[in-house]
Amino acid sequence: MDLVSGYKGMVGLVFGNENSSSNEDSYVQRLLDRISTGSLAEDRRSALIELQSVVVESRAAQLAFGAMGFPVLMGVLKDERDDVEMIRGALETIVGALTPLEQSKGKNEVQPALMNTDMLSHEAENISLLLSLLSEEDFYIRYYTLQILTALLMNSPNSFSPGYAGKALAEFLFRLQEAILTIPRGITRLMDMLMDREVIRNEALLLLTYLTREAEEIQKIVVFEGAFEKIFSIIKEEGGSEGGVVVQDCLELLNNLLRNNTSNQILLRETMGFDGLISMLRLRGRAYSFTQQKSVLGTINLLLVGGSEADAGKDANKLTNKTVLVQKKVLDYLLLLGVENQWAPVAVRCAALRCIGDLIAGHRGNLDALASKVLGENHQVEPALNSILRIILRASSMQEFIAADHIFERFCEGNCDGQSMLASTLIPQPYSMTHASIDEDVNMSFGSMVLHGLTSSETDGDLDTCCRAASVLSYVLKDNMQCKERVLRIELESSSGALGHSEPLMHLMVKYLALASGTKHKESKSNTSGNSYIQPIILKLLVTWLSDCPPAVNYFLDLRPHLSYLLELVSDQSATVSTRGLAAILLGECVIYNKSSESGKDSYAVVDAISQKVGLTSYFLKFDEMKKSFLFSAEKSTAPSHKPLSRSAAASMAEIEDVDEQLSSDHKGEDHPILSSILPKTEVAVVPADMEQKTGESDKEYIRRLKSFVEKQCSEIQDLLGRNATLAEDLVKIGGGESSYSDQRATTGSERVQTETLRRDLKEAHQRIEMLKNENTKLESEASMYQNLAGKVESDLKSLSDAYNSLEQANFQLEKEVKALRTSGGRDVEAAKAEAREEALKESEGELNDLLVCLGQEQSKVDKLSSRLMELGEDVDTLLEGIGDDVGLPEGGEDDDEEDAD
């Protein structure tokens with residue numbers, strides 16, 4: 001209710017006085033009342049039609065509707081599903097309320113469509129209700145519903161201030177995604193609409209494109225519902241590479257499903273394959289739009305990147321993708337688009353060249369494939385690498401130069417054989433051949449073209465071509481000592497001087513570096529900075545050349561002016577940050593890799609010169625300045641940029657062609673983007689190898705060894721502090737004697753160098769001590785944890801041992817008792833038997849006596865009966881005859897009697 005109240009207050013402010021209602025406000029209110037409380041269906045439909053017409057024409061009516069109309073129309077959508085006309089009218093009215101009208105001149109004026117978007121999307125139930133309408137059979141209901149959902153997505157990023165827009169869009173997308181996932185078959189309904197009529201299909205495609213951005217769960221469901229098959233089916237239906245915005249949207253949806261998703265890339269590769277993508281790179285007919293080729297190149301680039309950084313199978317998937325793409329002849333299509341076809345826009349050529357560089361990076365088979373490619377027709381053929389070098393040297397577009405330069409960077413990276421192959425063509429030629437036009441001879445070797453580019457400024461002052469050739473040469477020399485020494489021996493004939501005079505290539509590069517400085521000063525007067533990258537690129541070559549190569553350092557220091565110019569360049573405030581930083585690196589290499597013992601050229605002489613001309617503190621600050629520049633900033637975003645949701649997302653030809661101005665407009669007055677690969681991107685603190693825990697070494701021994709190391713370092717630091725104090729005193733004394741200052745200048749410089757060196761060593765030692773202390777604390781903490789754990793385990797073992805001993809004692813006692821029972825049990829058994837026998841005899845005698853008494857009683861009764869019978873005249877003997885004769889007779893006794901009778 002607070003949101004609605006605030007909204008009504010905003011309506012009042014827009015309409016006029018907050019307490020007064022405008023005509024539009026009251027009119028919209030009356031129409032809504034007729035819709036919600038009307039009894040006649042025709043009157044309600046008429047009111048809805050009138051509301052729709054006023055909302056699409058008046059911004060004030062849009063605001064009024066947003067304040068009070070959504071509950072009414074959402075109620076219609078919920079309770080009147082059987083009335084198709086009412087549902088259509090309600091949806092069409094909501095579409096009108098979300099459609100921005102022509103903006104007025106006021107920049108800060110409230111936008112009703114954007115506020116209505118926020119109002120409608122605020123309730124999750126509204127989204128669920130709209131999604132449920134997608135299952136309706138009526139075409140217009142489904143169409144208007146998709147338009148509403150799409151409008152919500154299109155308006156949400158712009159509904160808020162720039163700082164809040166991203167968060168607001170993320171929250172809305174989350175609500176929409178949650179609503180879709182909670183509705184049964186929500187995604188399935190949207191996927192089914194890709195096979196619906198063209199109008200609905202296009203709306204559903206646009207909606208899915210936005211929903212699948214960085215939504216892994218929805219991506220999985222979409223792919224499971226057959227997204228790849230449906231996408232390529234639509235692309236084919238729309239004409240493939242000749243299609244329009246619908247094909248563009250299909251490729252955007254495909255990119256969302258493949259970006260940083262290894263499993264989806266594998267599924268596409270093993271089911272549909274890459275043929276559908278590669279076929280869109282083919283050029284058909286004479287009128288090429290190149291729009292879809294550029295989009296497909298973006299998709300191929302995603303396959304070359306592989307999965308996300310956290311995915312363990314990213315590298316394997318990336319290599320497999322590269323292998324399959326080259327097997328499908330994608331390298332031929334890329335060379336056609338990027339190198340051979342001169343009608344393609346610059347953006348398309350650049351994208352193709354970048355794809356070639358990524359395609360060969362780290363893949364031995366693809367490197368060999370590119371090295372063996374030959375381009376051209378009939379007799380005008382040359383190696384593909386030579387053609388790419390021509391682009392580098394001649395391209396008018398800086399973007400194209402950078403893209404082609406990227407290929408040689410990837411080709412030479414970790415490819416010693418390829419570097420040696422290219423370096424073998426760097427053969428000095430006569431002056432007339434070296435300075436011939438590149439266009440004169442298509443059969444000119446790679447090395448001849450590079451040397452021609454390096455020395456082109458001798459005739460026409462073309463330093464731009466010189467620096468481009470220097471960039472290529474730096475890749476050939478990088479981390480390859482054999483190539484460095486080979487190129488070091490190259491001497492070229494000079495355009496001036498005595499006949500046959502030649503000059504080392506390195507000395508020519510230093511001369512061109514100084515010439516670029518003079519050219520830059522001339523250009524600075526006219527406020528042009530087009531060649532601000534020339535000095536850094538030539539310095540890049542020299543830094544690469546001198547790195548870990550003492551012979552190259554010695555060659556560089558052969559001429560004293562080289563060192564003097566370099567010292568001036570480091571201190572030149574008019575130079576760019578990268579120029580000063582690279583010059584400082586080059587000076588450092590003259591110290592670190594200097595093996596010369598010749599006076600004036602050794603490392604001590606270089607350090608002394610730096611200290612006197614620049615100052616060691618100022619010198620080291622050059623590195624910090626360069627690290628803070630945009631080239632080395634760790635805050636540079638690598639997240640993919642998304643186009644705003646629009647039905648015209650496909651890039652026009654003007655947008656494709658107008659790309660080179662971005663390079664000159666971005667980072668004006670700063671360093672060129674091509675220099676971003678010169679220095680490492682990260683710094684890693686490394687623990688000395690001998691300080692790592694050895695195999696089989698216990699924690700206590702490791703901690704003891706670390707403590708010993710720290711104590712040794714502390715002792716060395718104390719010595720350094722003592723030496724530093726002594727040197728400081730000497731410096732004070734020397735500084736106090738003004739008369740002898742000129743005589744002691746060299747000594748003072750040397751001591752100043754030693755002082756600065758000791759101060760730096762002291763700082764490094766402190767850092768190492770802090771690092772080792774942290775490691776020591778961590779190890780002690782782990783050791784303490786293990787000791788506590790060992791104590792607990794030992795206590796548990798002791799408890800178990802005590803329990804086991806108790807059980808053994810109890811068992812022994814029981815065995816003892818059993819044994820005692822067994823030894824004494826024999827006598828007790830015999831006595832018990834005798835006692836039982838006596839008791840049995842006693843019991844039997846008692847029973848016998850009782851029986852005799854009973855017999856005696858029976859006998860007396862018999863005597864009494866006999867006497868009575870006799871008194872009655874009966875013969876007792878006759879009566880008793882036969883009674884008891886069979887008692888005790890054996891079986892068969894009766895048979896014997898019968899035989900006797902016979």
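Here the structure is a predicted model, which means the values were calculated and not measured. Sequence order sets the numbering: in each chain, residues are counted from 1 along the sequence as written. Under the rules for a predicted model, residues below a pLDDT of 70 receive no local features and side-chain atom pairs below 80 are neither given nor counted, while totals for whole chains, interfaces and linings still include all residues. Excluded from the side-chain calculations are hydrogens and water; all other atoms, namely the structure's heavy atoms, are used.

(A) A look at the overall build of the protein chain. A count of helical and extended segments in the protein chain gives 43 helices and four strands. Type-normalised accessible area, obtained with a 1.4 Å probe on protein chains alone, sets the label of each residue: buried when under 20%, exposed when over 50%, and partly exposed for intermediate values. Out of the 902 residues in the protein chain, the part that is buried amounts to 44%. Residue pairs at least 24 apart in sequence account for 71% of intrachain contacts in the protein chain once pairs closer than 6 positions are excluded. Helix and strand definitions here come from DSSP, where helices need a minimum of 4 consecutive H or I residues and strands a minimum of 2 consecutive E residues; each element is numbered from the N-terminal end. Residues are treated as being in contact if the distance between any of their heavy atoms lies within 4.5 Å.

(B) Quick peek at helix α18 (residues 291–305). A helix is expected to reach a length of 1.5 Å times the quantity of its residues less one. Helix length check: α18, at 15 residues, gives a terminal C-alpha distance of 22 Å against a target of 21 Å (1.5 Å per residue), a fit within 8%. The buried fraction of α18 amounts to eleven of the 15 residues, a majority that puts the element mostly inside the structure. When we look at burial in α18, the residues that qualify are T291, Q292, Q293, S295, V296, L297, T299, I300, L302, L303 and L304. G306 lies just past α18 and shows a positive phi near 90 degrees.

(C) View of the nonpolar core. As used here, the term nonpolar core means buried Ala, Val, Leu, Ile, Met, Phe, Trp, Tyr and Cys residues forming a set that is joined through side-chain atoms within 4.5 Å. One finds L77, L370, F408, L505 and W545 to be the most contacted residues of the largest nonpolar core, which totals 198 residues. Not counting residues within four places of it along the chain, the set of residues in contact with L370 comprises L331, L335, I356, I360, A384, L385, I388, I407 and F411.

(D) Just the packing of aromatic side chains, in detail. Here a pair means two rings of Phe, Tyr or Trp (six-membered ring of Trp) with centres within 6.5 Å. Their orientation is stacked below 30 degrees between planes, edge-to-face above 60, and tilted elsewhere. A full pass over the atoms with the stated rule returns eight aromatic pairs. Between Y140 and Y144, the ring centres sit 6.1 Å apart and the planes meet at 35 degrees, which makes this aromatic pair tilted. With Y140 and Y144 both in helix α9 (residues 139–155) and four residues apart, the pair spans about one turn of that helix. Note on Y140: relative accessible area 38%, which makes it partly exposed. What makes Y144 buried here is its relative accessible area of 12%.

(E) Local environment of the packing of helix α24 (residues 398–412) against helix α29 (residues 463–477). The geometry of α24 relative to α29 is characterised by a closest axis approach of 9 Å and an angle of 15 degrees between their N-to-C directions. Regarding the angle of α24 to α29, the classification is roughly parallel. In terms of crossing hand, the pair formed by α24 and α29 is right-handed. Of the residues in α29, those touching α24 at M398, F401, D405, F408, E409 and C412 are R468, S471, V472, Y475 and V476. Three classes are used: nonpolar for Ala, Val, Leu, Ile, Met, Phe, Trp, Tyr, Cys and Pro, charged for Asp, Glu, Lys and Arg, and polar for all others, with Gly counted as polar. Class assignment of the residues belonging to the contact of α24 with α29 gives a composition of seven nonpolar, one polar and three charged. Axis lines are fitted through C-alpha atoms, for helices just across the contact stretch, and the angle between N-to-C directions can take any value from 0 to 180 degrees. Angle categories: roughly parallel below 35 degrees, roughly antiparallel above 145, roughly perpendicular from 65 to 115, and oblique for all the rest. Here is the rule for handedness: rotate from the far helix to the near one, and if that takes an anticlockwise turn smaller than a right angle the crossing is left-handed, while a clockwise turn gives right-handed.

(F) Representation of the packing of α29 against helix α32 (residues 534–546) in the model. Following both chains from N to C, one finds α29 and α32 inclined at 25 degrees, their axes separated by 8 Å at the closest point. In this view, α29 runs roughly parallel relative to α32, as classed from their interaxial angle. Judged by the sense of rotation from one axis to the other, the crossing of α29 with α32 is left-handed. For the pair α29 and α32, contact is made by L463, D464, C467, A470, S471, L473, S474, Y475 and L477 and by I534, I537, I538, K540, L541, T544 and W545, respectively. Taken together, the residues that form the contact of α29 with α32 break down as eleven nonpolar, three polar and two charged.

(G) Representation of unusual backbone geometry in the model. With a phi close to 70 degrees, K329 is a non-glycine residue in the positive phi region. Tracing the backbone through its elements, the reader meets K329 in the loop between α19 (314–327) and α20 (330–340). At D548, a residue that is not glycine, the phi angle is positive and equals roughly 55 degrees. Positionally, D548 belongs in the loop between α32 and α33 (550–556).

(H) Representation of the pattern of salt bridges. The rule for a salt bridge is simple: a side-chain nitrogen of Lys or Arg has to be within 4 Å of a carboxyl oxygen of Asp or Glu. Scanning all chains against the criterion turns up 24 salt bridges. We note a salt bridge from E85 to R45, for which the minimum N-O separation is 3.5 Å. Linking E85 in helix α6 (residues 84–98) with R45 in helix α3 (residues 41–55), this pair joins segments that are 40 residues apart in sequence. A salt bridge links R349 to E400; its shortest N-O distance comes to 2.9 Å. With R349 in helix α21 (residues 346–360) and E400 in helix α24, this residue pair connects regions lying 51 residues apart in the sequence. Residue class for R349 comes out buried when judged on its relative accessible area of 10%.

(I) Up close: the pairing of strand β2 (residues 380–383). Between any two strands, pairing holds if DSSP finds at least two bridges. Bridge analysis of strand β1 (residues 374–377) against β2 gives four bridges, and the strand direction is antiparallel. Residue pairing in the sheet places G376 in a bridge with V381 of β2.

(J) Summary view of the confidence of the model for the protein chain. Per-residue confidence for the protein chain averages 77 on the pLDDT scale, and 72% of its residues sit at or above 70. Summary of the metric used: pLDDT quantifies the predictor's per-residue confidence within the range 0 to 100. Throughout residues 1–21 the model reports pLDDT below 50, and contacts reaching past four residues in sequence, or to other chains, amount to 25 contacts. Predicted confidence is poor over residues 663–669, with pLDDT under 50, and the contacts of this stretch with residues over four places away or in other chains come to six contacts.

(K) Representation of α20 in the model. Burial of α20 is extensive: eight of the eleven residues sit out of reach of the surface. Burial in α20 covers these residues: V330, L331, Y333, L334, L335, L337, G338 and V339.

(L) The arrangement of the environment of D311 in detail. For D311, the position within the fold is in the loop between α18 and α19. When the C-alpha positions of D311 and N261 are compared, they lie 8.6 Å apart, and in sequence the two are 50 residues distant.

(M) Structural view of the side chain of D358. With respect to the element layout, D358 can be found in helix α21. All tallies of charge rest on Lys and Arg as positive and Asp and Glu as negative; His and the ends of each chain are not included. Of the side chains with opposite charge, R410 lies nearest to the buried D358, which makes no salt bridge, at 4.2 Å. When sequence neighbours within four positions are dropped, the list of residues in contact with D358 reads N301, L304, K322, H406 and R410.

(N) Expanded view of a nonpolar patch on the surface. Residues form patches when they are more than 30% accessible in relative terms and have no salt bridge. Like charges link within 9 Å. Nonpolar side chains (Val, Leu, Ile, Met, Phe, Trp, Tyr) link within 5 Å. With residues, only the protein chains shown are counted as cover, and all accessible areas are computed by Shrake-Rupley using a 1.4 Å probe. A cluster of nonpolar side chains, contributed by M785, Y786, L789, V793, L797 and L800, occupies part of the molecular surface with about 620 Å² of accessible area. For M785, the location among the structural elements is in helix α41 (residues 745–871). The exposure class of M785 is partly exposed, given its relative accessible area of 47%.

(O) Structural view of a negative patch on the surface. Note that the charge is assigned to NZ on lysines, CZ on arginines, CG on aspartates and CD on glutamates. Negative charge collects at one region of the surface, where E835, E838, E839, E843, E847 and D850 lie side by side. Structurally, the position occupied by E839 is in helix α41.

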